[in-house]
Amino acid sequence: MSKGALAQRIDAWFLGRGWKVFPFQRGVWRAAAQGRSGLLHASTGSGKTYAVWFGALLRAERLARKSRKQGLRVLWITPMRALAADTVRALQASGADLAPGWRIEARTGDTSAAQRARQAKAWPDVLVTTPESLSLMLSQADARERFALLETVIVDEWHELMGSKRGVQVQLALARLRRWQETLMTWGLSATLGNLVQAQDVLLGDDNDGVLVEGKVRKRILVDSLIPVNPTRFPWGGHLGIQMLQPLIAEIEGSATTLVFTNTRSQAELWYQHLLDARPDWAGLIALHHGSLDREVREWVEQHLKTGELKAVVCTSSLDLGVDFLPVERVLQVGSAKGIARLVQRAGRSGHAPGRISRVTLVPTNSLELLEAAGARAALAQGHLEARPVPDKPLDVLVQHLVTVALGGGFQSQELYGEVRKAWSYRHLTPGEWQWALDFVARGGQSLTVYPEYRRVLPDDDGVYRVPDAALARRHRMSIGTIVSEAAIQVKFMSGGRIGSIEESFISRLRQGDHFLFGGRILEFVRVHEMTAYVRRATGSRGAVPRWQGGKMPLSSELAHAVLDQLQLAQEGRASGPEMRALAPLLAIQARWSALPTRAALLVETLSSREGHHLFVYPFAGRSVHLGLASLLAYRIARAQPATLSIAVNDYGFELLGASELDYAPLFDAATGGGLALFSTQHLLEDVLASLNATELSQRRFREIARIAGLVFQGYPGQPKSARQLQASSSLFFEVFRRHDAANLLLSQAQREVLEQELELTRLRATLRELHGRTIALQPLERASPFAFGLMVERFREQLTTEKLSDRVARLVSALEKAAA
């Protein structure tokens, strides 16, 4: 087949830049020229953007008419506003040569009112937007006409979207657009994903005939570690911490530009502050980046990263995604990334171009994180990546979508039901569930029928459901989206100048004069007025550690298995690599005093101390699963031998502590079937619910569901409701539904999300089945083993201040080291 004019110009465009066209790019272009949809999976920095963008242009050339009307032809969906701005610049740079005359613009929450007004008169040819902004566009009465010329939809960072309700929001939007445009071409981009076939089905629909294109450009990813000079043999979470500051500084000094990733915003603040304290000459050369900082601050950092003017940026997942920072040479990861895909994603921020090596170096905050680094490297070499689970029938998102579609021209029930079932997450939506959702938006379900504000969607004489009230329409449009976070308030200096936003619950704990760390500065809290916290610069170094948005990420199943494999190799004397050599003294003590857990053997330890009687269990399944598993075992043990047990968990195992001595041997004796009973999957749901305060957990989850479903209005711009008001409103609905509408499907959704997302019930069930296949190594201890010590410190952490914790840990470590000598 002879090449068209555009295809020849594309080849010349690559040649003019000295770039090579990769086979996977041509594969996308061939499929796109034929109008076929698909999913492109390739390494970060390998040229995915050009593959799908030029594919969209080739598709447009094929469909070109002699007199083409002005309108939206390519829709580009991205999960982040910052990524939207970067994408627009990349498309404009190539579009000037290959699509002259095409308008390429963004429409996100950051788009100015003036630009929105211009777009309202005439859409650009290419629009880069977010899931929330797309839903808002679909809520306009003339939405169908506005999308009448749409040819291609591209969904960037699909791996990041598909596992969340935002991804479900995209599924529903795509189902709507495909109904309007049957020949619509859809392409997804992904870099780090284990379940590719499912990801394609979720994006394109269950019965798709799309193509899966995998980039065979093998980008070299190097994973290594900064090895502590003297890694302690009795580790605990965060114990290395700032001891690694000087090695980290040395790494930064050796590179032009470095990204220093942390897992939480509070951790980013602390490391940034310590870097500045140690190297004041770096002021202005290093920066801080996380989601709570003001947009202008974040954009300044991103811009100076691209120009290579910054030596280092301490950041969180806010810089995980595909913003292109070519000057970045090194990536440092403070603490374990807890997942192989996340590690690969962050590694890809360096060497972000075809042919360049991407390197990520782990900076351990806990000696056992060296074990995770060794496991991650081995798993990566074998090509293992985590799968992303996809939400199943989230009815809060469906309820919101029904109101959106009712605003966007209206709908008829059966017609929309068929359309919604084209979205993968709702492919099994039953007629009964559909009718419940329709009834809920039409009259508020069984318990809210007397309140007019919950009759959000009503049928007209032709059976078309529409929103009957302009005020309800305005409220809905301001509430569109599935990102639910705690109410945030602005942080400003008394003298003026905005710094960012911070969770209301954190500020509410501060008293006037308290110091806290935020935006890389130690601030003194002055007062709160009209949802703004006023501060001034503080003198001195005392500061409260910020705990906002600092949830700990659990160890993934793939990385957990890789860690157990490393322990198996250590047990067999075949472990290799610098991390395992550094860990050898620790593992030797663990083996001498107890044993090493492996995939074949579940280690269970018992210990009596002045605190009581301890049981330590090491499934290596991640802290979320361990929380559910520990609660489950405590409940089942207490049924066999009445006892009150307290719980501590980390990523490697859990501790049960009781005041009275329990005879654990029969409970874990394989000959009596004890272990089988404890780890049984029979009655799992009932036992998990009985072992936890399931009602409280569900009520907390329901707050998010209530906001997404439109039950709770978060307030008008400049007049947001407080977190306390929102909590009270959602709690009231929860109780009303429990007492008067027990069959309300939002209640069962709340319970399901608690089980699946917070306690990871599916993974818990899989872990129990794994444990059935392991032998149980029951080891009585004379003193805490290295693995047990970390769990004991987790419990101390909840009871003691930082200073007292350090003192107590130091005394315990001293005693254990003497015993190990």
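Since this is a predicted model, take the numbers as computed values, not measurements.

Time to look at the overall build of the protein chain. Tallying secondary structure elements over the protein chain gives 31 helices and 27 strands in all. Burial statistics for the protein chain: of 821 residues in total, 57% are counted as buried. Sequence-distant contacts, at least 24 apart, represent 74% of the contacts inside the protein chain between residues at least 6 apart. Accessible surface computed for the protein chain: about 34,100 Å², of which carbon and sulfur atoms make up 50%.

Here helix α21 (residues 557–571) is 15 residues long and its end C-alpha atoms lie 21 Å apart, about the 21 Å a rise of 1.5 Å per residue gives. Where α21 is concerned, the buried positions are Leu559, Ala560, His561, Ala562, Val563, Leu564, Gln566 and Leu567.

Glancing now at the pattern of salt bridges. Applying the stated rule across the entire model yields 35 salt bridges. In this structure, glutamate 753 and lysine 165 form a salt bridge, with 2.8 Å as the shortest nitrogen-oxygen distance. Here glutamate 753, found in helix α28 (residues 745–758), pairs with lysine 165, found in helix α9 (residues 165–180); they are 588 residues apart in sequence, far enough to count as distant. Taken individually, glutamate 753 and lysine 165 each receive the classification buried, so the pair is uniform in this respect. The salt bridge involving aspartate 687 is made with arginine 639; its shortest N-O contact spans 3.6 Å. Remark: arginine 639 occurs in helix α23 (residues 623–640) and aspartate 687 occurs in helix α25 (residues 684–691); sequence separation between them is 48 residues.

This part is about the packing of helix α6 (residues 131–138) against α9. Between α6 and α9, the least distance of the axes is 10 Å, while the angle of their chain directions is 40°. One way to sum up the angle between α6 and α9 is to call them oblique. The two elements α6 and α9 cross, and the hand of that crossing is left-handed. Of the residues in α9, those touching α6 at Pro131, Glu132, Leu134, Ser135 and Leu138 are Arg166, Gln169, Val170, Ala173, Arg176, Leu177 and Trp180.

We now examine helix α12 (residues 265–278). Given a rise of 1.5 Å per residue, 14 residues ought to cover 20 Å, and the 20 Å separating the end C-alpha atoms of α12 matches this to within 8%. Listed as buried for α12 are Ser266, Gln267, Ala268, Glu269, Trp271, Tyr272, Gln273, Leu275 and Leu276. For α12, the elements touching its buried residues are α11 (245–253), β10 (286–289), β11 (312–315), β12 (330–334), β18 (515–518) and β19 (521–529).

Taken as a whole and judged by the stated rule, the model has 27 aromatic pairs. When the centroid spacing of 5.4 Å and the interplanar angle of 85° are considered together, the rings of tryptophan 13 and phenylalanine 54 count as edge-to-face. With tryptophan 13 in helix α1 (residues 5–16) and phenylalanine 54 in helix α3 (residues 48–63), this pair connects stretches of sequence that are 41 residues apart. Among the residues examined, phenylalanine 54 registers a relative accessible area of 0% and is labelled buried. Aromatic pair tryptophan 29 and phenylalanine 54: ring centres 6.2 Å apart, planes at 45°, arrangement tilted. With a gap of 25 residues between them, tryptophan 29 in helix α2 (residues 23–33) and phenylalanine 54 in helix α3 connect regions that are remote in the sequence.

So, on to the packing of helix α16 (residues 395–407) against helix α18 (residues 431–443). Where α16 contacts α18, the two axes come as close as 10 Å, and the packing angle between them is 55°. Put simply, α16 runs oblique to α18. As α16 packs across α18, the resulting crossing turns out to be right-handed. Touching Leu395, Leu398, Val399, Leu402 and Val403 of α16 are Trp434, Trp436, Ala437, Leu438, Phe440 and Val441, all from α18. Residues that form the contact of α16 with α18 fall into these classes: 11 nonpolar, no polar and no charged.

It is worth spelling out the sheet that holds strand β24 (residues 654–658) at this point. Pairing within the open sheet is mixed, and its five strands lie in the order β23-β24-β22-β21-β27. Sheet topology places β23 (645–649) and β27 (775–780) at the edges, where each strand pairs with a single neighbour. For this sheet, the mean inter-axis angle between neighbouring strands, taken without regard to orientation, is 20°. Note that strand β21 (residues 601–609) and strand β22 (residues 612–618) share seven bridges and pair antiparallel. Paired with leucine 603 across the bridge in β22 is tyrosine 618.

With that out of the way, let us pick up the sheet that holds strand β7 (residues 211–214). What the seven strands build is an open sheet, ordered β3-β4-β2-β5-β6-β1-β7; its pairing is parallel. Single-partner strands in this sheet number two, and they are β3 (104–107) and β7. Here the average twist between neighbouring strands, direction ignored, is 20°. One ladder, built from four bridges, connects strand β2 (residues 74–77) with strand β5 (residues 152–155); its direction is parallel. Along β5, the bridge assignment pairs valine 74 with threonine 152. Its contacts with the sheet put α9 on β2, β5 and β6 (185–190), and the angle it makes with β5 is roughly 170°.

Summing up the model confidence of the protein chain, the mean pLDDT is 84 and the portion of residues at 70 or higher is 88%. Between residues 541–551, whose pLDDT stays under 50, and residues either more than four places distant or in other chains, the model counts 30 contacts.

Note that serine 190 resides in strand β6. Assessed through its relative accessible area of 1%, serine 190 is described here as buried. Ignoring anything within four residues of it in the chain, the contact list for serine 190 reads Leu39, Leu40, His41, Ala42, Lys48 and His159.

Analysis parameters
- Residues numbered from 1 in each chain as written.
- Predicted model: local features only at pLDDT ≥ 70, side-chain atom pairs only at ≥ 80, totals over all residues.
- Heavy atoms only, no water.
- Helix = DSSP H or I, 4+ residues; strand = E, 2+ residues; numbered from the N terminus.
- Buried < 20%, exposed > 50% of the residue type's maximum accessible area, 1.4 Å probe, protein only.
- Contact = heavy atoms within 4.5 Å.
- Areas by Shrake-Rupley, 256 points an atom, 1.4 Å probe, with all protein chains shown as cover.
- Expected span 1.5 Å × (residues − 1).
- Salt bridge = Lys/Arg side-chain N within 4 Å of Asp/Glu carboxyl O.
- Axes fitted to C-alpha atoms, helices over the stretch in contact; angles between N-to-C directions.
- Parallel < 35°, antiparallel > 145°, perpendicular 65-115°, else oblique.
- Left-handed = near helix turned anticlockwise from the far one by under 90°.
- Phe/Tyr/Trp six-rings, centres within 6.5 Å; stacked < 30°, edge-to-face > 60°.
- Nonpolar A, V, L, I, M, F, W, Y, C, P; charged D, E, K, R; others polar.
- Pairing = 2+ DSSP bridges.
- pLDDT = per-residue confidence, 0-100.

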